[in-house]
2 protein chains.
Amino acid sequence: MERQECSGSSSQGPPQGRSGTPPRGIKQLPRFDAGVMETYLDDMRDMKAKVYQMFREHPELLPNVEEGLSKEEHRELVRRSLKVILQNGYSPLDFLARDPRKYFYLGECLSMVDLSLMVKSGVQYSLWGGSVLNLGSEQHRRRYYDDIAQLRLPGCFAMTELKHGSNVAALQTEAVLDVLTDEWVVHTPDEGAIKWWIGNAAEDGRAATVFARLKVPDPNGGPKLVDHGVHAFVVPIRDANGSTLPGVEIRDCGYKVGLNGIDNGAIRFSHVRVPRTNLLDRFASVDKSGRYSSPLTSQARRFAATLGELTGGRVGLVAGSVGVLKGAITIAVRYACLRQQFGPPDCPEVAIIDYQSTQLRLMPILATAYGLHFARGLLTDKYVDMKRTREPRLVEEVHALSAGLKAYTTSYTQAALSTCREACGGHGYAAVNRLGALRSDHDIFQTFEGDNTVLLQQVSAMLLKEYRQQFSGAPLTATYHYLRAALLGALPNNPLVTHDTEPRHLRDPAFLAKALEYRTARMLFTLSLRLRKAGPRLGAFHAWNKCLEHVLDLANAYVESVVYKTFLRAVEGCVDPECRRALKAMSDLFALRLIEGDMMFR
Amino acid sequence: MERQECSGSSSQGPPQGRSGTPPRGIKQLPRFDAGVMETYLDDMRDMKAKVYQMFREHPELLPNVEEGLSKEEHRELVRRSLKVILQNGYSPLDFLARDPRKYFYLGECLSMVDLSLMVKSGVQYSLWGGSVLNLGSEQHRRRYYDDIAQLRLPGCFAMTELKHGSNVAALQTEAVLDVLTDEWVVHTPDEGAIKWWIGNAAEDGRAATVFARLKVPDPNGGPKLVDHGVHAFVVPIRDANGSTLPGVEIRDCGYKVGLNGIDNGAIRFSHVRVPRTNLLDRFASVDKSGRYSSPLTSQARRFAATLGELTGGRVGLVAGSVGVLKGAITIAVRYACLRQQFGPPDCPEVAIIDYQSTQLRLMPILATAYGLHFARGLLTDKYVDMKRTREPRLVEEVHALSAGLKAYTTSYTQAALSTCREACGGHGYAAVNRLGALRSDHDIFQTFEGDNTVLLQQVSAMLLKEYRQQFSGAPLTATYHYLRAALLGALPNNPLVTHDTEPRHLRDPAFLAKALEYRTARMLFTLSLRLRKAGPRLGAFHAWNKCLEHVLDLANAYVESVVYKTFLRAVEGCVDPECRRALKAMSDLFALRLIEGDMMFR
Ligand SMILES: Cc1cc2nc3c(=O)[nH]c(=O)nc-3n(C[C@H](O)[C@H](O)[C@H](O)COP(=O)(O)OP(=O)(O)OC[C@H]3O[C@@H](n4cnc5c(N)ncnc54)[C@H](O)[C@@H]3O)c2cc1C
Ligand SMILES: Cc1cc2nc3c(=O)[nH]c(=O)nc-3n(C[C@H](O)[C@H](O)[C@H](O)COP(=O)(O)OP(=O)(O)OC[C@H]3O[C@@H](n4cnc5c(N)ncnc54)[C@H](O)[C@@H]3O)c2cc1C
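You'll find chain A entered in an unreviewed UniProt entry as Acyl-coenzyme A oxidase, with Chlamydomonas schloesseri given as the organism. According to the UniProt record, the Subcellular location (unreviewed entry) comment for chain A is "Peroxisome". Recorded in UniProt for chain A, the comment headed Sequence similarities (unreviewed entry) runs: "Belongs to the acyl-CoA oxidase family."

Put into structure tokens, the structure is as follows:
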């Protein structure tokens, strides 16, 4: 927007002192009815209001930065908060089992209360509870459900080891069947196999879902044990008084960069015995005689099915991360509208939102927050459908979408938190304004439940698989010509080629959607060519590694294309014209910033 | 590098367990003698060894993350550390006054000990001490030097107010001369003018350099006071027992995102009286009768001279920030060489440094750390020269260079800290590994001593000024043609145009230096055109704002070009061939990543 020095309402008179003039930034934002917008965006907002009200009534539960909480004090707050949530009639495990949308929504609400609380709740209900529900059978459900739901049995999800985080297939903890006693002997063979970072372990956990290599005697009577790979077992770790059980050694992982309200611990097992029935046996079981059986034919498939059941955790992180993003950008935009600094000579100072640099910093984040809000809705809906129908195609899709969106959203939010702090200047550095704690707490969202760099590779692997299935059998040249045509056709009015930079064209959703699709298709196509070329010479692993940046870019491009399409549907679905106009502007900005930032479009 | 599955020394046999194999990453790094490199990089390393040794002997002074320090405890550590430094014969104020290279070097050493300590030392010696030395006259120096140097008089630099940080010219605190008593009456007129964020104020400060509007009676006898703008005054704030003096009200600014070892406070003055001689009068003085005089002709010039004397603080931040960058990238690269995760089927796992994505994350940071190390050397040397010669051209240059490098380095380091944490996965999130604390502490380096967004604008403004002086009088078209020719000539072999992408050409320093210069020149030229075009219609302020992103990009490009040229000189100056080869590789990477990331080159 162009204007003269001291333009706007304040131009009539001399400067009246910095506090008297209404901030210009606010006045120039597009107008819409916030209530109408909220209704459209959020059909569960009553719950949010209630949850916030609940904590308003318990201010003593909020981590008070002014007290410089120790980790023990923070953990105590979180423990009490979990109880208060239950006492107020919210049962996260019931939500998860019966109405996952509510579960994820509650998570988003808690993210702005205290991320430690949100994550600790996730550990108890989604990781510990979810692993029992999804990997176990009816007997496990019957036995544990109520105790987990009511917090009578706090538990852990003990997968990661000191030496293995991302590469879970290589975990070394072992569970060996003792046929004589009908028990598993759970054991940590060396220091590298100590379970590490396990949430709820250092203080509260009474039991854990332990991921360990299942080993049984050789059915052919050979002297060696047969290793069936990583499976999940329920292992009690503390008694009712909270003392560790024999053979279980637990250490506190100590202070972390953030999330210090969670008691992460390291666990070492020394020949700990649990009944044979403690194997969570949905995908594989072992009978009294030690015979192993599974409906799934290969170890890889069983492991994939096991990990596939854990997508819920990633959906939860997307919800939490989007919550944080909304909170952070709200803080920063509000402050930028109020804070005034510098101005034309002899004029009142301008609101910092009026600086082009502030707008370029904050507005794309705002736009992306909307986009990711809708994408998170899509993911939740698909997840619910998948849980209901168990349709294999949907299972694959939710896996890819949850991996991609988890990686994209958490990386985006993390960078945005820094930008928001910087945009708020010195006052953004006051602990009480929360941007620092949000950044420190949220940081690890990028790493746990699947490291982002690793998840993005899974997304691209799935895209490549689909792509190859589509063209399987076709000779390379045929595929090439087909795609070339398709790609060229896809972007007939590429403004970067036609130089048609009229706003009408640049803000045409059909064009923008095509552009983002085109980018994904082209990257997929070229990646596939590069892998084919390098594979024979280097072997699959090193060929993949040689293209790794390309692989990661493809996955991000794919996610961006999905987010934009979802955003567009949300714009179209909005009946209120003013809200729709505002949403449309945000979606334009979302797509145009991507195009501006990416040379692939040339 | 291309290789077959399981290549390298570990390919001869079957996998021997994850811990047995030497990490491949380390083996493939270019070889040079680390001692020779260190000698070349750092001619003061004895001091670093001694400083580190000093803290090794006082482990009780290091902030121990495992104790979850309160801000009070952390402040106490910092207080004691400052004394230990003095007791060991290091006098930072002496360094600053006599051998600033040592002062900045000590700051870099302290940055990896504890950033709170480094900054608190900076507040006492560079901000408080430096303002007295540089803005005062001989009498101030005599009166305060020893007490400041020996920590007998802890003090503050009280510039920022609640409502004004970047726009210091608009500060509202006032110092009114009372001619009858020959005193200044220092007063906070409203809440917005409360001094805010003042380091050393909440607990320790006994005195402060207070920036306030100097007001004297109208020499023509008029009823109104004459406001000469912002000047610096020494104001005692606490007595020898640490009690605040009458009329001085101080509050603790509370917990911050980081740097909690520093006692930032808010100060309100109510008609506090100090002798007339407490005006730091190097650039302006007031006599008994209230007559104001100055060797500098305008208020703007006096203010610029005042701020110009404070460049030392920025040089210090560059040194500290480069120290943090070196520390962080060392942590991340070391870990990446040791950590192994995944690998080709039936092979040992590979070191994560071997992943292309890890290399693309970390190696450019390593390269930039070298580049900024040399640039910081250049800045220090120029600063020393400037202090010695007081040559106006050098004053301007150091101002631009310190502003640009401060902004560039601190923004770069801040982003790098997040990247390093992410590259270390879960173990990067353990507080004990320091990346989190470094990020939280360092964050505000981007904001204090001049917000980066504001400093970059000053750099571009100076570039434009120089540019205009060069072409003053020339008609626009002449300038245009001249520059067009110069620009086109500057980049005869642009590989993005000639498609000459041979490594020999791409790694040719002459080409790379030209490319970076060309980018700066082009941006400067186009920015100047855009401002000329928009100025008449919008007025200078809004025209500038309309081009703000361009302005910031120009400043960054300029800094990058300077850093690269300095880097090249350092490569050329290295006589050891292996070290030179390694440095050359780093400098290539530094420049090529910039070119890859910037569409301006097309
Ligand atoms: C606060 C916290 C809470 C946690 N809670 C739990 C819990 O309750 N239960 C549990 O089981 N675990 C938990 N974890 C562990 C978490 O799941 C792991 O940290 C995560 O899976 C990553 O593994 P890692 O830390 O071993 O990193 P690594 O797998 O060692 O990765 C290190 C780095 O290498 C990179 N890298 C690895 N492989 C590749 C590749 N193939 N290509 C490219 N780059 C690669 C990664 O991107 C990363 O940057 C928690 C961790 C933390 C910090
Ligand atoms: C830990 C800490 C220690 C400090 N110590 C001291 C001290 O000892 N003494 C002291 O005097 N001060 C101190 N400060 C204050 C510090 O110098 C200020 O925070 C800094 O100068 C920035 O001012 P501000 O915070 O008011 O931000 P503002 O100036 O209000 O800026 C807010 C935002 O607006 C943007 N902005 C402002 N103007 C423009 C523009 N023209 N164009 C584009 N964007 C703009 C900025 O980039 C920033 O993002 C300290 C601050 C902190 C947090």
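Peer 1: Hey, could you run me through the overall build of chain A in this one?
Peer 2: In terms of helices and strands, chain A carries 21 helices and eleven strands. Scored against the burial criterion, the 602 residues of chain A give a buried share of 57%. Contacts spanning at least 24 positions in sequence make up 73% of the contacts within chain A whose residues lie at least 6 apart.

Peer 1: Help me out: how do you make sense of the site of ligand 2 in this one?
Peer 2: Taken together, 30 residues lie around ligand 2, and Arg339 and Gly426 of chain A together with Thr160, Ser166 and Asp451 of chain B are the ones closest in. Between ligand 2 and methionine 159 of chain B, the relevant distance is 3.0 Å, taken from an oxygen atom to a main-chain nitrogen or oxygen of the residue. With respect to ligand 2, the side chain of threonine 453 of chain B contributes an N or O atom lying 3.5 Å from an oxygen atom. When isolated, ligand 2 has an accessible area of 970 Å², and the protein chains bury 95% of it. Contributions of two or more residues to the shell around ligand 2 are made by helix H11 (356-389) and helix H12 (392-423) of chain A together with strand S4 (195-198) and helix H14 (452-470) of chain B.

Peer 1: I tried to follow the side chain of threonine 209 of chain A on my own but got confused; where do I start?
Peer 2: All names here are of chain A. Inspection of the secondary structure puts threonine 209 in strand S5 (residues 207-217). Owing to a relative accessible area of 0%, threonine 209 belongs among the buried residues under this scheme. A polar contact of 2.8 Å, which involves the side chain of threonine 209, links it to the side chain of serine 131. Excluding its chain neighbours within four sequence positions, the residues that come into contact with threonine 209 are Trp128, Ser131, Val132, Cys156, Phe157, Ala158, Ala232, Phe233 and Leu280.

Peer 1: For this particular structure, what's the right way to read the relation of the copies chain A and chain B?
Peer 2: The two chain copies are connected by a rotation around an axis plus a translation along it. Laying chain A over chain B is done by rotating through 180° and shifting 0.0 Å along the axis; what remains is an RMSD of 0.0 Å. Here the symmetry operator amounts to a two-fold rotation axis. In this assembly, 100% of the residues forming the interface of chain A have copies in chain B that are likewise at the interface, indicating an isologous arrangement.

Definitions and cut-offs
Residues numbered from 1 in each chain as written. Chains lettered and ligands numbered in written order. Predicted model: local features only at pLDDT ≥ 70, side-chain atom pairs only at ≥ 80, totals over all residues. Heavy atoms only, no water. UniProt positions renumbered as here; feature names shortened; annotations may be inferred. Helix = DSSP H or I, 4+ residues; strand = E, 2+ residues; numbered from the N terminus. Buried < 20%, exposed > 50% of the residue type's maximum accessible area, 1.4 Å probe, protein only. Contact = heavy atoms within 4.5 Å. Near = heavy atom within 4 Å. Polar contact = N/O pair within 3.5 Å; in protein donor to acceptor, adjacent residues only side chain to side chain. Areas by Shrake-Rupley, 256 points an atom, 1.4 Å probe, with all protein chains shown as cover. Least-squares fit on C-alpha atoms with pLDDT ≥ 70 in both.

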